[in-house]
Structure formats: C-alpha cells, structure tokens
Amino acid sequence: MPFSWRTMSTSYPDAPLGIRLVTSLWGKVCPRWQVNRLLWFKCSVLTLTYLAYMCYHMTRKPISVVKSVLHRNCSGVQIPPEFIHNGGEPPNDSTWCDYAPFDGPDSAALLGTLDSSFLFSYAIAMFFSGFIAERVSLRYFLTFGMLFSGIFCYLFGIAKVYNVHSMMYFVFVQAMAGVFQTTGWPGVVSIVGRWFGKSKRGLIFGIWNSHTSIGNIMGTLIAGYYVEEDWAMSFVVPGFVMGLFGFIMFLFLVDRPEIVDCHEKVGDHMGAYRRIEDARVIESGEISDRDEYVTEQDVNERTPIIGSVNRAPTQHAAIGFVGALRIPGVVEFSMCLFFSKLVSYTFLFWLPLYIQSSTTLNAQLSADLSTLFDIGGIVGAIAAGLISDYSGMSASTCTGMLALAAPALLLYQQWGAVSLSFNICLLFIAGVLVNGPYALITTSVSAELGQHKSLNGNSKALATVTAIIDGTGSIGAAVGPLIAGFISSSGWENVFYMLIASDILALLLLLRLVAKEVSRRSRRSNVRVE
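The residue numbering used here restarts from 1 in each chain and proceeds along that chain's sequence as written. Whole-chain, interface and lining totals are the exception, using all residues; otherwise, since this is a predicted model, local features are given only for residues with pLDDT of at least 70 and side-chain atom pairs are given and counted only at 80 or more. Water and hydrogen atoms play no part in the side-chain values, which are based on all heavy atoms of the structure.

Section: the overall build of the protein chain
When helices and strands are counted, the protein chain shows 20 helices and two strands. The rule is simple: take the accessible area with a 1.4 Å probe, protein chains only, and divide by the maximum for that residue type; under 20% is buried, over 50% is exposed, in between is partly exposed. Counting every position in the protein chain, which comprises 530 residues, the buried fraction comes to 57%. Here, two residues are considered to be in contact whenever any of their heavy atoms come within 4.5 Å of each other. Counted over contacts in the protein chain with a minimum sequence separation of 6, partners at least 24 positions apart contribute 83%. If you sum the accessible surface of the protein chain, you get close to 21,500 Å²; carbon and sulfur atoms cover 66% of it. The way it works is that DSSP assigns letters per residue, a run of H or I at least four long becomes a helix, a run of E at least two long becomes a strand, and they are numbered from the N terminus. Exposure was quantified through the Shrake-Rupley algorithm and a 1.4 Å probe, taking into account, for residues, occlusion by the shown protein chains and nothing else.

Next comes the structure, spelled out in structure tokens:
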C-alpha cells in the first residue's frame, strides 16, 4: 500500500532517528511521492543487515593475513636503516623482522592460541547472546556489538604503534573481540526472519549470506594492502569502518515491521501464501504428512515473532535452552555445523599462510589469492539455497555438497601448488563445496527451525535456536584453527587430512535427517501417482 513520506515521518515516532529525519526531509521535497512501504523497508533491512555482518567478518580476517609478518623468514627481507648496527648487521639475523612474542620457534602455537582466544570466547558467549537478543531491542544490540567489535579490532593494531609485546594483551583483545562479535549473527538472522516469510527463503538467505564471503574478501584486501608496510593499519582501518557502520545501524535499522506499521501487510501477504499452501496440500492428498512440514499455518508474520510495542504483549515466554534442543533437527544440524565450521574457519585463519608456505607468492599476493575461497563461498551459498528451495530437502543438499567437498580438499592439497591456474580453480571449487552447507545451515535452516511447528507459534525462539546452532558450530571453528596451529609444523598435509575427516563426520551426522527427507518425498510421489 503506497504511503506518503511526510505522513510516515510524523506517524511513527518509534522509528529510528535517521529514518525520521530522512523521511521528514523527503516529505518536504517530494510531498506527493508514493512508494510501497513494505517493499522499501524490506530492501533497507536486507541492505543494512548485509552491510552489518559484512563488517563483522571484515574485522575477523586481518589476523590471518598479519600472521605472515608476525613471524616469517627475515633473511630475504630488506633491512631498514634503523635496524643496522655495528658491522652493518641487524642484532639477530633470523628474527629481527618478527614481532615479539611471535619471534620464537613456538610461533605457530602462539598464533593458534590467538585464534582460539577469539573463537572459544565467541563460541561460549554465543549461547548467552541468543538469550539476550530475544529480550532486547536488536537495533541497540547490533549497534553496541559493532561499536565494541570495532574498538577491539583497533586495539590489536594499536599494539604495534605503542610497541606492546605482551601475549596476555593480545589474548585479552582477541577474547573480548570474540565476545562482542556474537552480537552479529543472532541479531541479523532474527531481523531478516521477522521481515521475510518462508517462500524462497533459501534463495533469499543464499544471496544475502554472501556478506560473509564479501566481508572476508574486504578484510583480506584491506589487511593485505597494509601488511608489508604497516600491519597496524590492517586492524585500525577495518575497526574504524566497523564502528562507523555500527552508528549507521543505530540511525537507520528498523528491526521490527510494526514500528513502521508494516505488521498487518506482512500478515496479509503470508495469510494468502498460507491459504495457497493449504489448498495445495489438501488437493494433493498430503494432509497425512502435514505434521512433518514447517508451514506458515502455525508460524507466520502475524504471530508474535515480530512482536509489538503498540499491541498487546505476547503470551509466550522466551524459549529456554533445553526447549530449543528438543526442536527436531536442532541437535543434528548443530553437530553438523560443528565440523563444517571447523573446516571453514581453519581456511579463514590459516589459508593465506598456507598459500605463502606452499608457493613462491609473498604475503600480499597470498592474501589476495585466498579470496578465491570466499568467492567460491558466495556461489556455494546461492547454489545451496536454490537446491534447497527447489527440492525442499535441506539436509540432503548439505550432505551432497559435503560428499564432494572431501575429495575437493584432497585434490587441492595434492595439486594446488602445481601451478597458479590449478590453485585458482581448485581453491574456488573448495570454497563452493565447503561454504555451501555452512551457509545453508546458519541461515535458512536456522530460521526454519526457529519457527518450527512444535513451538506452537512461540515467537521467542529464533535468536535462541540460531545462537545454539551457530554457537555449537563456533566451538568447532575454535577447535579447527587450534589443531591446525599445532600440527602444521609436522606437515600441512596433516591439516588437510583433519579437514577431510571433519567433512566426512559432518556428512554422517545428517544421514538420519536425509533418510527422513527421502522417505517423505517418496510418500509424496506415491500420493501424486495414485
């Protein structure tokens, strides 16, 4: 339904300040201009949440790039004049260009400890973050998280400026960054879940989820640009951008449709969708299988999933941890994500260093090449969403991609260093197959389970379920880089064997759900034939 900007600016006092200012100004400039309110705000929500989570990943990436200069082979590096002393030699020919405390033989373990400090704190805090997100304004939740995530990213880089060499300092900064980064995923998934129904959700989330890979690419390119000259800026610039976008979220993000009176229209749209689905189910004779599907009959945009400060409060209490675990599929997908995210985050934190050690490329070029894994992740996320939407079999989609990911990783380890073209092709393919299932589980699957029929319309579950699934996956994400840091010294092939084994375990954990999906699809086919 069209609306006037002038009318909206005075009728919705709960809208964010930036929205009210922009609409007030536009209402004066073009008072008669009419737009579709629902479409306009849906686009703005997708854009803002996309940019927000892109920034979260942008600030996670610099550490993987900077590792290559915190500890490296100094013999081939040009010695600056300030390091030359008597005799024209640096004080220590092997470690003068390293950054203490990462200048010793245990550097790989120390760098792995930094990864673990971030990831374990992220994983633990994620379980609490979901509970908090269900009970507070998500706009403030994201703003607060983004500002402090930017601050701690900045503090890591500023250590070089002030010549800080304390390992405890770096561990503390990484751990606190991990805590505040947990505000991102439950927040953005819950907001998108409030605004969009389930029709073609896999495709919408697949495209939207490219923010993860774009954020990784942006973080890599920014960090790679500064890494050789001044690695402090590799953290300072992403941290500043993160804080800036946090303020933009505060000004413009509309986290609930009813704030701008889109509640009823979303409900009407989903009601029509529900009636079409009901007619299709009854006509096709699938009524006996109705309880196995998550439909809009029980959870739609009219239910309290959106919430309302202007209407009667919901009668449902926020779901607890045990209640969320009882939702069918939550445990299986959580454990699958444990191993899937282990693989993805091992690449996230160690791929640039692996490329540099296995090829003749320098730190910046290795970082640039590693972005192909994330580009493949964009394609994989969209492909997984499309296949899931078309087939209605999300577990089978994940299993198929995981089955192909294991041999793809083996091929990359064996043949990736043969030539640059081989490295590019195999790295892209690995990105598609590794990140596809990871993206599908953390987006569309989490949103589906957070609105499962067994909840009987309880709206206060989406952020909790999302946090449980992503929190479990984040434990795997913490374990993978930690193990990689310890076993990489014995040979990178051992790291890849670990990753391949993890993919196989992730696949096995979904076999029960795959069997149910195949059985359900077979019954539906038989009903149509009869």
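Thoughts on the packing of aromatic side chains
In this analysis, rings of Phe, Tyr and Trp, with Trp reduced to its six-membered ring, are considered paired at centre separations within 6.5 Å, and the interplanar angle assigns stacked below 30 degrees, edge-to-face beyond 60, and tilted for intermediate values. By the definition in use, this model includes 33 aromatic pairs. Arranged with centres 5.9 Å apart and planes meeting at 45 degrees, the rings of Y140 and F250 form a pair that is tilted. Of this pair, Y140 sits in helix 6 (residues 138–161) while F250 sits in helix 11 (residues 233–252), and the two are 110 residues apart along the sequence. Following the ring pairs from residue to residue traces out a cluster consisting of Y99, F102, F156, Y169, F170, W231 and F235.

Quick notes on the packing of helix 10 (residues 210–227) against helix 11
Running from amino to carboxyl end, helix 10 crosses helix 11 at an angle of 145 degrees, the nearest separation of the two axes being 8 Å. Crossing of helix 10 against helix 11: the hand is right-handed. Residues I222, A223, Y226 and V227 of helix 10 lie in contact with helix 11, whose contacting residues are M233, S234, V237 and P238. Amino acids outside the nonpolar list (Ala, Val, Leu, Ile, Met, Phe, Trp, Tyr, Cys, Pro) and the charged list (Asp, Glu, Lys, Arg) are all regarded as polar, and Gly is one of them. Across the contact of helix 10 with helix 11, the residue classes tally to seven nonpolar, one polar and no charged. Axis definition: a line fit to C-alpha positions, over the contact stretch in the case of helices; interaxial angles, taken between N-to-C directions, run 0 to 180 degrees. Left-handed describes a crossing whose near helix is turned anticlockwise from the far helix through less than a right angle; right-handed describes the clockwise counterpart.

So, the packing of helix 3 (residues 37–58) against helix 6
Relative to each other, helix 3 and helix 6 sit at 30 degrees, their axes nearing to 10 Å. In terms of orientation, helix 3 lies roughly parallel with respect to helix 6. Both helix 3 and helix 6 take part in a crossing whose hand is left-handed. Residues A52, C55 and Y56 of helix 3 form the contact with helix 6, whose participating residues are L142, G145, M146 and S149. Split into classes, the residues belonging to the contact of helix 3 with helix 6 amount to five nonpolar, two polar and no charged. What sets the label is the angle itself: under 35 degrees gives roughly parallel, over 145 gives roughly antiparallel, 65 to 115 gives roughly perpendicular, and the rest give oblique.

Notes on the pattern of salt bridges
By salt bridge we mean one thing: a side-chain nitrogen of Lys or Arg within 4 Å of a carboxyl oxygen of Asp or Glu. Tallied over the entire structure, the rule returns six salt bridges. Across the pair K67 and D115 runs a salt bridge, and its minimum N-O distance is 2.5 Å. Here K67, found in helix 4 (residues 62–70), pairs with D115, found in helix 5 (residues 107–133); they are 48 residues apart in sequence, far enough to count as distant. For the pair K67 and D115, a shared accessibility class is recorded, and that class is buried.

With respect to the environment of E134
With respect to the helices and strands, E134 occurs in the loop between helix 5 and helix 6. As a C-alpha pair, E134 and G187 span 53 residues in sequence and 9.0 Å in three-dimensional space.

Digging into the nonpolar core
L114, F347 and L427 are the most contacted members of the largest nonpolar core, which totals 88 residues. In terms of residue count, the dominant contributor to this core is helix 14 (residues 330–358) (17 residues). Look past the residues within four positions of F347 in its chain and what remains in contact with it is K61, P352, F373, L409, L427, F496 and L499. Here, nonpolar core refers to any group of buried Ala, Val, Leu, Ile, Met, Phe, Trp, Tyr and Cys residues whose side-chain atoms link them within 4.5 Å.

Description of the confidence of the model for the protein chain
Per-residue confidence for the protein chain averages 78 on the pLDDT scale, and 76% of its residues sit at or above 70. Each residue carries a pLDDT value, the predictor's own confidence for that position, ranging from 0 to 100. Mean pLDDT across the secondary structure elements of the protein chain bottoms out at helix 12 (residues 263–284), with 41, and peaks at helix 11, with 96. A low-confidence stretch, residues 1–5 (pLDDT under 50), is modelled with 20 contacts involving residues beyond four sequence positions or located in other chains. Low pLDDT, under 50, characterises residues 264–316; the stretch is placed with 96 contacts to residues that sit more than four places away or in other chains.

Examining unusual backbone geometry
Residue P101 is bonded to the preceding A100 through a cis peptide linkage, with omega at 10 degrees. Not every positive phi belongs to a glycine, and N163 is a case in point at roughly 60 degrees. By the secondary structure assignment, N163 is in the loop between helix 6 and helix 7 (167–181). When its relative accessible area of 52% is taken as the criterion, N163 is described as exposed.

Looking at the environment of T59
Within the element layout of this structure, T59 appears in the loop between helix 3 and helix 4. Under the relative-accessibility criterion, T59 is labelled buried at 10%. In this structure, T59 is in contact with C153, Q181, P238, G239 and M242, ignoring residues within four places of it in sequence.

Digging into a nonpolar patch on the surface
Exposure above 30% relative accessible area and the absence of a salt bridge qualify a residue for a patch, where like charges join within 9 Å and nonpolar side chains (Val, Leu, Ile, Met, Phe, Trp, Tyr) within 5 Å. Together, F120, I124, F128, I132, V136 and I475 make up an exposed nonpolar region whose accessible area comes to about 530 Å². Looking at where V136 falls in the secondary structure, it is placed in the loop between helix 5 and helix 6.

Regarding the side chain of K341
Positionally, K341 belongs in helix 14. Distance and chemistry together define a polar contact, namely a pair of N or O atoms within 3.5 Å, with one atom able to donate a hydrogen and the other to accept it when in protein, and with adjacent residues in sequence counting only for side-chain atoms on both sides. Separated by 3.1 Å, the side chains of K341 and S474 make a polar contact. When residues no more than four places from it in sequence are discounted, the contact partners of K341 are Y122, Y438, D470, G473, S474 and A477.

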